[in-house]
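Take a look at the letters that make up each chain.
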Amino acid sequence: MNPQETFEYKNRWKPGYLVKLHSDRVDLGKTWCRRNLQRHQWSMTKWTAAYEHTFHFEDKEVAQSFKISLN
């Protein structure tokens, strides 16, 4: 998928399944996503609250795995 196709694909499923993560752990979250998922399966929104970023996932099971892995 080229970048434009990825963008359009994500817009079809967003907001998807959300997992909030403390800003201190955002690098761990990105690393987990890059190792376990394709780029079109996840997204991240920075600073959705004080000290918090939100990860968006296409699939519920993936969001749950992410949450369990990082907590």
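Please read all numbers here as calculations on a predicted model, not as lab measurements.

Rules used throughout
- Residues numbered from 1 in each chain as written.
- Predicted model: local features only at pLDDT ≥ 70, side-chain atom pairs only at ≥ 80, totals over all residues.
- Heavy atoms only, no water.
- Core = buried A, V, L, I, M, F, W, Y, C linked by side-chain atoms within 4.5 Å.
- Buried < 20%, exposed > 50% of the residue type's maximum accessible area, 1.4 Å probe, protein only.
- Helix = DSSP H or I, 4+ residues; strand = E, 2+ residues; numbered from the N terminus.
- Contact = heavy atoms within 4.5 Å.
- Salt bridge = Lys/Arg side-chain N within 4 Å of Asp/Glu carboxyl O.
- Pairing = 2+ DSSP bridges.
- Axes fitted to C-alpha atoms, helices over the stretch in contact; angles between N-to-C directions.
- Polar contact = N/O pair within 3.5 Å; in protein donor to acceptor, adjacent residues only side chain to side chain.

Caption draft 1: View of the nonpolar core. W32, C33, L37, W42, F55, F57 and F66 are the most contacted members of the largest nonpolar core, which totals 14 residues. At the level of secondary structure, the elements contributing two or more residues to this core comprise strand 1 (17-22), helix 2 (26-36), strand 2 (42-49), strand 3 (52-57) and helix 3 (60-70). The element contributing the most residues to this core is helix 3, with four residues. Apart from residues lying up to four places away in sequence, W42 is in contact with K10, W13, C33, R34, L37, F55, H56 and F57.

Caption draft 2: Region of the structure containing the pattern of salt bridges. Within this structure, the stated rule accounts for one salt bridge. A salt bridge links K20 to E52, with the nearest nitrogen and oxygen atoms 3.8 Å apart. You can see K20 sitting in strand 1 and its partner E52 sitting in strand 3, a full 32 residues away along the chain.

Caption draft 3: Spatial organisation of the sheet that holds strand 2. Ordered by their spatial adjacency, three strands build an open sheet running 1-3-2, and the pairing between neighbours is antiparallel. Whereas interior strands pair on both sides, the edge strands pair on one side only; in this sheet they are strand 1 and strand 2. For this sheet, the mean inter-axis angle between neighbouring strands, taken without regard to orientation, is 25°. Bridging between strand 1 and strand 3 involves six bridges; their strand directions are antiparallel. Looking across to strand 3, one finds that Y17 is bridged to F57. Packed on one face of the sheet, helix 1 (residues 3-13) meets strand 2 and strand 3 and runs near 65° to strand 2. Across the sheet, helix 2 touches strand 1, strand 2 and strand 3, and the angle it forms with strand 3 is around 15°.

Caption draft 4: Layout of the environment of S43. You can see S43 is positioned in strand 2. S43 gets classed as buried once you look at its relative accessible area, which sits at 8%. Along the chain, S43 and L18 lie 25 residues apart, while their C-alpha atoms are 9.7 Å from each other. With residues near it in sequence (within four places) discarded, S43 still touches K10, W13, K14, T54, F55 and H56. Polar side-chain contacts of S43 include one of 3.2 Å to the side chain of K14.

Functional significance is not addressed by these values, which are geometric in nature.
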